[in-house]
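# Examining the three-dimensional arrangement
Now for the letters of each chain:
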Amino acid sequence: MKEGKRFIDLHSAPFGRKGSFFIVQQSDTGLDHFGASDLWIGTTRSTGYGYSGIDTINRVMKIRLEKDGLPVPFAVSNTPAEMMLESEYGTMHICISEYNLLQFHSEDGLSLVLTAPLPAFHAAVRDMLDGTWLLTTYKRAVNWLFVPVRGSCIMDAPYDWRAMRNLYMHGIWHPDDKGVLDLSVEEFELDSQRRSSYPDYKSSVAAVLADYKQYRDTCFPELPAEFKESRDTAAWMIWSHTRMPAPRSLIQREMVTMMHQMFGQCYCWQQAFQAMANCRNVNFAWSLLLSVFDYQDPATGQIPDHIDELNITYLTFKPPIYGVALNWLLDRCDLSVISRERKELLYEKVANLYRFYFTYRDLDRDGLPEYHQCDETGCEDTSMCSKGLPLACPELAAYLVSMADALSRLAAMLGRDQEAQAWDEEAAALSERLLKAFWTGKRFVAFHAGTKEIIATGSISFFTPLVMGKRLPQHIVGILVKELFTENVHISPYGIPSEALNSPYFEHGWSRGTIQSPTMCLVVLGLAFCGRLEEAREAALRYTRAVQQAGFYHMIDPLTGAGNDKAIGVNNVQHWAAWTAGVFALLAGYLC
């Protein structure tokens with residue numbers, strides 16, 4: 001009996017590749033071991049505002065094998081470049097060889113069965129009269145051409161003219177007389193046409209593997225010995241979740257999505273984390289940071305929350321951590337390779353965002369911008385919002401201090417000395433207002449900007465002002481660090497929870513107690529910026545060890561260290577996140 005060897009568990013992350021919307025995934029009930037698979041071809045394309053897929057919505061076609069008309073059980077194996085369905089009769093290989101091309105290959109006389117339920121209006125299966133078949137579904141924007149390069153097809157796809165759709169697609173692709181089957185599935189956005197030739201399968205696998213290794217070896221950091229076993233997987237997570245510019249897509253340069261299901265967009269503040277994680281390749285890192293500002297409104301300076309190939313949403317957005325990321329790149333990278341034009345572009349864009357907050361997010365005009373939606377905190381159900389909105393808090397002001405400092409440094413690099421001095425003075429003045437308004441002498445607090453009601457909860461956001469670094473007085477740093485390292489309150493063996501474990505607001509919810517990759521990372525970076533490298537390393541080690549053990553879940557249980565895939569109330573959709581892989585790379589590669 002075959003036993004699969006897996007580079008990636010398909011229940012942890014669907015199989016994909018850089019730039020492609022194709023994925024191969026398990027159902028919630030399927031397993032990787034022999035005879036237990038429930039394997040599907042899916043798509044991560046978006047079809048409208050919102051999240052890209054929950055539960056079964058992005059599963060398109062079920063995969064089965066046959067031999068001489070009988071079903072063949074198989075085990076699932078994979079490498080970074082291909083999947084292998086291994087049976088007692090031979091192996092079916094699968095490779096996403098190009099961004100728009102999925103290839104199946106077998107030399108063992110196996111037949112491939114692909115079955116697609118088609119419940120949606122106007123689903124169509126068309127005989128293209130040249131041996132190929134075209135599947136079009138509007139629900140998931142699928143337009144796939146099935147080309148038997150070697151072998152032949154028997155198709156069952158009845159059309160119901162009253163329902164105005166094909167009811168299902170059941171295709172069986174048989175090998176040729178030498179037992180070889182080569183099936184190419186090509187995705188088209190416009191009308192489809194069979195190519196004159198398709199790439200050799202083995203060459204495709206080699207090219208995909210080379211592309212992955214090129215990313216890993218030029219962008220991803222080296223890791224300490226204890227984390228080396230996770231380096232390839234973490235690098236693959238980021239690589240396989242990278243979106244590419246394409247005709248008719250809103251994506252203008254490479255950006256990284258969060259997950260292959262549900263959170264399938266390129267979130268703007270995630271790009272800042274990925275820029276820091278990928279700073280080994282300064283060109284790529286700079287481009288990731290700049291990518292966010294391709295969508296900035298020139299009149300107001302506002303940036304969106306997330307982007308995918310079809311949609312941009314400005315209805316909300318996340319914290320302005322771009323100064324944190326820019327300071328990281330200024331500290332660690334040789335920016336001589338970045339042209340003056342690219343530096344000036346980022347400088348102007350970040351400055352425009354800074355001004356946005358004081359124009360549109362300071363309702364009481366006290367010089368302390370507010371969060372106007374809970375989403376803007378990045379912790380959508382944070383206890384900081386327990387008294388309502390607008391919320392004035394030290395966290396947002398600290399991010400803006402960091403931004404002003406980064407702008408001062410970048411202005412000096414550009415020879416704009418007067419502007420550099422002005423930004424330095426701006427950072428100093430905002431720091432003074434921040435401390436006067438929010439520091440009690442013992443801790444940071446927030447307040448409702450309208451009622452002035454004080455908010456003092458166990459939220460992790462009362463520690464993120466550490467990102468101010470040198471602007472935060474050392475005696476305050478000392479108080480915060482002592483409080484932060486209160487065991488099993490603000491820190492657990494697995495990291496820093498989003499809500500203190502002894503807080504009345506603590507729950508195993510989204511931002512009410514889980515350890516979340518972005519906020520965990522920001523506090524650790526803040527410790528480092530304040531010169532508390534030993535404490536930064538200690539917190540980073542706890543978290544990266546937990547992630548290596550649990551997997552790249554966006555949320556970790558602070559009591560058990562297990563990955564939490566149900567924190568938002570939707571079962572079995574929170575696959576490993578490329579975001580968490582980036583935070584893991586950042587902390588393990590540069591602070592552990």
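See above for the structure.
Figured I'd write up the structure that's included with this text.

Cut-offs applied
- Residues numbered from 1 in each chain as written.
- Predicted model: local features only at pLDDT ≥ 70, side-chain atom pairs only at ≥ 80, totals over all residues.
- Heavy atoms only, no water.
- Helix = DSSP H or I, 4+ residues; strand = E, 2+ residues; numbered from the N terminus.
- Rg over C-alpha atoms; globule rule 2.2 N^0.38 Å.
- Buried < 20%, exposed > 50% of the residue type's maximum accessible area, 1.4 Å probe, protein only.
- Contact = heavy atoms within 4.5 Å.
- Areas by Shrake-Rupley, 256 points an atom, 1.4 Å probe, with all protein chains shown as cover.
- Lys, Arg positive; Asp, Glu negative; His and termini not counted.
- Charge placed at Lys NZ, Arg CZ, Asp CG, Glu CD.
- Axes fitted to C-alpha atoms, helices over the stretch in contact; angles between N-to-C directions.
- Parallel < 35°, antiparallel > 145°, perpendicular 65-115°, else oblique.
- Left-handed = near helix turned anticlockwise from the far one by under 90°.
- Pairing = 2+ DSSP bridges.
- Patch = residues over 30% accessible without salt bridge, like charges linked within 9 Å, V, L, I, M, F, W, Y side chains within 5 Å.
- Salt bridge = Lys/Arg side-chain N within 4 Å of Asp/Glu carboxyl O.
- Nonpolar A, V, L, I, M, F, W, Y, C, P; charged D, E, K, R; others polar.
- Phe/Tyr/Trp six-rings, centres within 6.5 Å; stacked < 30°, edge-to-face > 60°.

## Observations regarding the overall build of the protein
Secondary structure summary: the protein contains 12 helices and 28 strands in total. Rg of the C-alpha trace for the protein: 26 Å, near the compact-globule value of 25 Å for 592 residues, within the 12% margin. Based on the C-alpha atoms only, the size of the protein along its principal axes is roughly 80 × 50 × 45 Å. Sorting the 592 residues of the protein into buried and exposed places 62% on the buried side. Restricting the contact set of the protein to residue pairs at least 6 apart, pairs at least 24 apart contribute 65%. Accessible surface, the protein: about 21,700 Å² in total, of which carbon and sulfur atoms supply 51%. Taking the average location of the 54 positive side-chain charges in the protein and that of its 69 negative ones, the two points are 2 Å from each other.

## Description of the packing of helix 3 (residues 268-277) against helix 10 (residues 517-529)
It is the contact of helix 3 with helix 10, at a shortest axis distance of 12 Å, that shows an interaxial angle of 50°. Here helix 3 is positioned oblique relative to helix 10, judged by the angle of their axes. In the packing of helix 3 onto helix 10, the handedness of the crossing is left-handed. Here Trp269, Phe273 and Met276 of helix 3 come into contact with helix 10, specifically with Pro518, Cys521, Leu522 and Leu525.

## Observations concerning the sheet that holds strand 26 (residues 454-455)
The antiparallel open sheet is built from 4 strands, whose spatial order is 23-24-25-26. The open sheet has two edge strands with one neighbour each: strand 23 (370-371) and strand 26. Bridge count for strand 24 (residues 391-392) against strand 25 (residues 446-448) is 2 bridges, and the pairing is antiparallel. In the strand pairing of strand 25, leucine 391 is matched with histidine 448.

## Overview of the pairing of strand 10 (residues 124-127)
In the case of a regular strand, side chains alternate between the two sheet surfaces. Of the strand pairs in this sheet, strand 10 and strand 11 (residues 133-137) are connected by 4 bridges, and their pairing is antiparallel. Opposite valine 125, over in strand 11, you have leucine 135 as the bridge partner. Counted between consecutive antiparallel strands, the loop separating strand 10 from strand 11 contains 5 residues, among which leucine 129 sits at a positive phi close to 65°.

## Some details on the sheet that holds strand 12 (residues 142-150)
Ordered in space as 5-6-7-8-17-12-11-10, the 8 strands form an open sheet in which the pairing is antiparallel. Each end of this open sheet is capped by a strand with a single partner; those strands are strand 5 (75-78) and strand 10. Adjacent strand axes in the sheet meet at a mean angle of 20° when their direction is disregarded. Bridge count for strand 11 against strand 12 is 5 bridges, and the pairing is antiparallel. Of the residues in strand 12, the one forming a bridge with tryptophan 133 is phenylalanine 146. In the packing of helix 1 (residues 201-219) onto the sheet, the strands contacted are strand 7 (90-98), strand 8 (101-106) and strand 17 (181-187), and the crossing angle to strand 7 comes to about 55°.

## Details of the pairing of strand 16 (residues 168-174)
Across 6 bridges, strand 9 (residues 111-117) lies against strand 16 in antiparallel orientation. In the sheet register, proline 117 faces strand 16, and the bridge partner there is tyrosine 168. As paired strands, strand 13 (residues 152-156) and strand 16 are joined by 5 bridges and run antiparallel to one another. Across the sheet, serine 152 pairs through a bridge with histidine 174, a residue of strand 16.

## Some details on a nonpolar patch on the surface
There is a patch of nonpolar side chains on the surface, built from Phe121, Tyr159, Trp161 and Met164 and spanning about 510 Å² of accessible area. For phenylalanine 121, the position within the fold is in the loop between strand 9 and strand 10.

## Details of the pattern of salt bridges
Using the criterion set out here, one finds 33 salt bridges in the structure. The shortest N-O distance in the salt bridge between lysine 18 and glutamate 254 comes to 3.2 Å. Note that lysine 18 is positioned in the segment before strand 1 (22-26) and glutamate 254 in the loop between strand 18 (242-243) and strand 19 (255-256), a separation of 236 residues in sequence. What makes lysine 18 buried here is its relative accessible area of 13%. Notably, a salt bridge pairs aspartate 294 with arginine 253, separated by 2.8 Å at the nearest N-O pair. Taken together, the positions of aspartate 294 in the loop between helix 4 (282-291) and strand 21 (306-307) and arginine 253 in the loop between strand 18 and strand 19 put the pair 41 residues apart, joining distant regions of the chain. Among the residues examined, aspartate 294 registers a relative accessible area of 22% and is labelled partly exposed. Each member of the salt-bridge network shares a partner with another, and the members are Arg340, Glu344, Glu348, Arg416 and Glu419.

## Some points on the packing of helix 2 (residues 228-240) against helix 12 (residues 578-590)
Axis angle and axis distance: for two packed helices, these are the angle between their axes and the distance between the axes, and together they describe the pair. Across the interface, helix 2 lies against helix 12 with an axial gap of 8 Å and an inter-helix angle of 135°. The angle between helix 2 and helix 12 falls in the class oblique. As helix 2 runs across helix 12, the sense of the crossing is left-handed. Where helix 2 abuts helix 12, its residues Ser230, Ala234, Met237 and Ile238 lie against Ala578, Ala581, Gly582 and Phe584. Looking at the contact of helix 2 with helix 12 residue by residue, the class counts come to 6 nonpolar, 2 polar and no charged.

## Points about the side chain of glutamate 66
Its location among the elements puts glutamate 66 in strand 3 (residues 59-67). Arginine 64 provides the closest opposite charge to the buried, salt-bridge-free glutamate 66, at an N-O distance of 4.2 Å.

## With respect to the packing of aromatic side chains
For the structure on display, the rule yields 25 aromatic pairs. Judged by centre distance (5.4 Å) and plane angle (25°), the ring pair of phenylalanine 356 and tyrosine 360 falls under stacked. Separated by 4 residues within a single helix, phenylalanine 356 and tyrosine 360 lie in helix 6 (residues 340-360), roughly one turn from each other. For phenylalanine 356, a relative accessible area of 2% gives the class buried. Arranged with centres 4.9 Å apart and planes meeting at 70°, the rings of tryptophan 439 and phenylalanine 444 form a pair that is edge-to-face. Residue class for tryptophan 439 comes out buried when judged on its relative accessible area of 15%. Taken together, Phe227, Phe552, Tyr553, Trp576 and Phe584 form an aromatic cluster joined through their ring pairs.

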